[in-house]
Amino acid sequence: MDLNDRAKKVLQAVIDSYIQSGSPIGSAVLAKTYEFSLSSATLRNIMAELEEMGFLTHPHTSAGRVPTDKGYRYYIDALISVEPDLSVVEDQMEQAAGLQGGEIHQLMEDASQFLSKLSHHTSVIVAPAEPEGTYKHVEFVRLRGNQVLIIFVTNTGTVLNKLVEMDEAIPQHELNAFSGYLDQEMEHASLSEVRQRLFERLREEKASFYGLLEQTYRASREVQERDADKVYIGGASQIFESPEFADIEKMRSLFRAFEDKYKLVKLLDKTSAADGIKVFVGAENPFFEMQGCSLVAGSYQSGKVVGTLGVIGPVRMDYKQVIQVVDYTSKLLSRILDERLRKGIER
């Protein structure tokens, strides 16, 4: 549904004013703040028409109007122009220098805090899963009693030490023989293949090594799960400073959503295949616990590896500013990761 130029200007003015003030907007405010060359009565009629079309609504206790999710969606898609504007982040440019070094975990942690400070909202960054490693070696070390230390190593340098209690003591020379057997059987196999082969051996094995085989299978699963998607949340308390979340139940619901990182990953995954920035407004969010929020999300890329990031805030957020910040941070993170890749810094 398209609007005429006059209705577009009024809708944009209402939303701009509401984003800044948080209070319902009346025709008198528009007439005083903007140069419409229209009477308050004419503005009231236009606002009433916008309400009939579903772009605006008004609280029962107020004569002023507030935007609906539909109004915000039209505002984002048709009314605001989002061009790259580094002036939005000029004050924080010095902080960006601190994102250059360190381990990948620290980089993502720092980037989430950086994005939160720039946007003044809660940020979420999903680090891409590491490329699946392959089997390199497994070693079994007999300790006291029936204890055995399993050392599981992949080609990417991941090392898992797992201490297990066996049903019976196993001599070290037998442990060495079993290690050599697995090294030969699993050589160059991916972790998924290792798990499958170990599972098949478990169904066949009836000898004393069954327990050790089972523990090795569990170790391979832990290694694979360790490299799963990691979620970094910055400025989680920022969102609760908004008056929209003064309600205790809303606050609790949102806390639960932040704790369920699986849902955050699924939500951000929707943006990984999309070009540019994607915005979910209010009820467009598929997760009920977060439907009082909006999400502005984008992706970053280094080589073939794609990760996602976003900002979560109240539906009444400064979309133009937040979109610019998310776009800037995604490009910054892509550049940093590309530089690390070129310099041969291990992910």
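Higher on the page you've got the structure.
The following paragraphs examine the structure supplied in this document. (Residues numbered from 1 in each chain as written. Predicted model: local features only at pLDDT ≥ 70, side-chain atom pairs only at ≥ 80, totals over all residues. Heavy atoms only, no water.)

## Examining the overall build of the protein chain
Then, number 1: Helices and strands together make up the secondary structure of the protein chain, namely 12 helices and 10 strands.
Then, number 2: Looking at the protein chain as a whole, 44% of its 347 residues are labelled buried.
Then, number 3: Within the protein chain, contacts between residues at least 6 apart in sequence are counted, and of these 62% link residues at least 24 apart. (Helix = DSSP H or I, 4+ residues; strand = E, 2+ residues; numbered from the N terminus. Buried < 20%, exposed > 50% of the residue type's maximum accessible area, 1.4 Å probe, protein only. Contact = heavy atoms within 4.5 Å.)

## Considering the sheet that holds strand 4 (residues 135-142)
Then, number 1: Read from one edge to the other, the open sheet built from three strands follows the order 4-5-6, with strand pairing classed as antiparallel. Whereas interior strands pair on both sides, the edge strands pair on one side only; in this sheet they are strand 4 and strand 6 (159-165). Along the sheet, successive strands turn relative to each other by an average axial angle of 15°, direction set aside.
Then, number 2: Lying over the sheet, helix 7 (residues 172-186) contacts strand 4 and strand 5 (147-154), oriented at roughly 170° with respect to strand 4. (Pairing = 2+ DSSP bridges. Axes fitted to C-alpha atoms, helices over the stretch in contact; angles between N-to-C directions.)

## Things to note about the packing of aromatic side chains
Then, number 1: All told, the structure shown has seven aromatic pairs when counted by the stated rule.
Then, number 2: Taking the centre distance of 6.3 Å and the plane angle of 45° together, the rings of Phe199 and Tyr217 count as tilted. Linking Phe199 in helix 8 (residues 191-204) with Tyr217 in helix 9 (residues 210-226), this pair joins segments that are 18 residues apart in sequence.
Then, number 3: The class of Tyr217 is buried, set by a relative accessible area of 15%.
Then, number 4: Just above the ring of Phe55 sits the side chain of Lys70; from NZ or CZ to the centre is 4.9 Å.
Then, number 5: The ring of Phe280 has Lys278 sitting right over it, with the charged end atom 5.4 Å from the ring centre. (Phe/Tyr/Trp six-rings, centres within 6.5 Å; stacked < 30°, edge-to-face > 60°. Lys NZ or Arg CZ within 6 Å of the ring centre and 35° of its normal.)

## Describing the pairing of strand 3 (residues 122-127)
Then, number 1: Across the six residues of strand 3, six count as buried, placing the element largely inside the fold.
Then, number 2: Residues Thr122, Val124 and Val126 of strand 3 are buried on one face, and the alternating residues Ser123, Ile125 and Ala127, pointing to the opposite face, are buried as well.
Then, number 3: Looking at chain direction, strand 3 and strand 7 (residues 230-234) are connected through five bridges and run antiparallel. Note that in strand 7 the partner of Ala127 across the bridge is Lys230.

## Overview of the nonpolar core
Then, number 1: Of all hydrophobic cores here, the largest spans 52 residues; its most connected members are Val10, Leu11, Leu30, Leu50 and Tyr319.
Then, number 2: Here the element with the most residues in this core is helix 12 (residues 319-342); it accounts for 10 residues.
Then, number 3: Not counting the four nearest positions on each side in its chain, Leu30 is found in contact with Val10, Ala13, Val14, Ser17, Ile25, Phe36, Leu43 and Met47.
Then, number 4: Of all hydrophobic cores here, the second largest spans 25 residues; its members include Ile150, Leu191, Leu202 and Ala219. (Core = buried A, V, L, I, M, F, W, Y, C linked by side-chain atoms within 4.5 Å.)

## Observations concerning the packing of helix 1 (residues 5-21) against helix 3 (residues 40-52)
Then, number 1: Running from amino to carboxyl end, helix 1 crosses helix 3 at an angle of 85°, the nearest separation of the two axes being 10 Å. Between helix 1 and helix 3, the angle falls in the class roughly perpendicular. For the pair helix 1 and helix 3, contact is made by Arg6, Ala7, Val10, Leu11 and Val14 and by Thr42, Leu43, Ile46, Met47 and Leu50, respectively.
Then, number 2: Residues that form the contact of helix 1 with helix 3 fall into these classes: eight nonpolar, one polar and one charged. (Parallel < 35°, antiparallel > 145°, perpendicular 65-115°, else oblique. Nonpolar A, V, L, I, M, F, W, Y, C, P; charged D, E, K, R; others polar.)

## A closer look at helix 3
Then, number 1: Counted at 1.5 Å a residue, the expected span for helix 3 with its 13 residues is 18 Å, and the 18 Å between its end C-alpha atoms agrees.
Then, number 2: Within the span of helix 3, buried status applies to Leu43, Ile46, Met47 and Leu50. Down the axis of helix 3, the buried set is contained in an arc of 100°. They therefore lie on one face.
Then, number 3: Considering only its buried residues, helix 3 is in contact with helix 1, helix 2 (27-33) and strand 1 (56-57).
Then, number 4: Gly54 sits one or two positions beyond helix 3 and adopts a positive phi of about 90°. (Expected span 1.5 Å × (residues − 1). Arc of directions from axis to C-beta.)

## Brief notes about the side chain of Ser334
Then, number 1: Tracing the chain through its elements places Ser334 in helix 12.
Then, number 2: Leave out the neighbours within four places in its chain, and Ser334 touches Tyr300 and Gln301.

## Observations concerning helix 1
Then, number 1: End to end, helix 1 covers 24 Å across 17 residues, agreeing with the expected 24 Å (1.5 Å per residue, within 8%).
Then, number 2: Structurally, helix 1 contributes buried residues whose contacts are with helix 2, helix 3, strand 1, strand 2 (66-67) and helix 4 (69-79).
Then, number 3: A side-chain oxygen of the first residue of helix 1 lies 3.2 Å from the backbone nitrogen of Arg6; this N-cap is Asn4.
Then, number 4: Phi for Gly22, located one or two positions after helix 1, is positive at around 75°. (Polar contact = N/O pair within 3.5 Å; in protein donor to acceptor, adjacent residues only side chain to side chain.)

## Let's talk about the side chain of Ser123
Then, number 1: Relative to the helices and strands, Ser123 resides in strand 3.
Then, number 2: Engagement of the side chain of Ser123 in a polar contact is seen with the backbone oxygen of Ser112, the distance being 2.4 Å.
Then, number 3: Aside from chain neighbours lying at most four places away, what touches Ser123 is Ser112, Gln113, Leu115, Ser116, Tyr232, Ile233, Gly234, Gly310 and Val311.

## Points about unusual backbone geometry
Then, number 1: Of note in the backbone geometry, Ser37 takes a positive phi value of approximately 55° without being a glycine.
Then, number 2: Structurally, Ser37 is set in the loop between helix 2 and helix 3.
Then, number 3: Judged by its relative accessible area of 78%, Ser37 falls in the exposed class.
Then, number 4: One non-glycine residue with positive phi stands out, namely His188, at about 65°.

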